[in-house]
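Chain by chain, the residues:
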Amino acid sequence: RDGRELFYREGDAMMAASVRAQPAFEVTGRRRLFSGAFLPGGSFREYDVAPDVRRFVMVRGGASTTVLLSIQGLLERLRHDERRGR
């Protein structure tokens, strides 16, 4: 957010790479910020950095798997079953 660091995940660790853009882009250092059981991103970014660069918003995960289930027509089916006395 402030242009001085890039944040990235390395396994369960959240990392920060110090960067300098001028005269040419250069990584000047890397450090581990913290680690934890956070959801792996896959096709989405599972974290964000607060504007003050002091806090992160993370999606917690862990050993268990989270499943999002979408059932099309669920309300109509429930209404239909209710009318039939089921």
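It should be noted that the structure appears before, not after, this text.
Everything in this summary refers to the structure shown in the same document. (Residues numbered from 1 in each chain as written. Predicted model: local features only at pLDDT ≥ 70, side-chain atom pairs only at ≥ 80, totals over all residues. Heavy atoms only, no water.)

**A word on the environment of arginine 20**
Here arginine 20 is to be found in strand β2 (residues 13-20). Along the chain, arginine 20 and glutamate 5 lie 15 residues apart, while their C-alpha atoms are 8.4 Å from each other. Filtering out sequence-adjacent residues up to four positions away, arginine 20 remains in contact with Phe25, Glu26 and Thr28. (Helix = DSSP H or I, 4+ residues; strand = E, 2+ residues; numbered from the N terminus. Contact = heavy atoms within 4.5 Å.)

**Some thoughts on a nonpolar patch on the surface**
A cluster of nonpolar side chains, Leu6, Phe25 and Val27, forms an exposed patch at the surface whose accessible area comes to about 280 Å². According to the relative accessible area criterion, leucine 6 is partly exposed, its value standing at 44%. (Patch = residues over 30% accessible without salt bridge, like charges linked within 9 Å, V, L, I, M, F, W, Y side chains within 5 Å. Areas by Shrake-Rupley, 256 points an atom, 1.4 Å probe, with all protein chains shown as cover. Salt bridge = Lys/Arg side-chain N within 4 Å of Asp/Glu carboxyl O. Buried < 20%, exposed > 50% of the residue type's maximum accessible area, 1.4 Å probe, protein only.)

**Remarks on the sheet that holds β2**
Spatial ordering of the open sheet is given by β1-β2-β3, a layout of three strands whose pairing is antiparallel. The open sheet has two edge strands, β1 (5-10) and β3 (26-35), and neither has a second partner. Across this sheet, the average inter-strand angle for adjacent strands is 25°, counted without regard to direction. Looking at chain direction, β1 and β2 are connected through six bridges and run antiparallel. The partner of phenylalanine 7 across the bridge, within β2, is alanine 16. (Pairing = 2+ DSSP bridges. Axes fitted to C-alpha atoms, helices over the stretch in contact; angles between N-to-C directions.)

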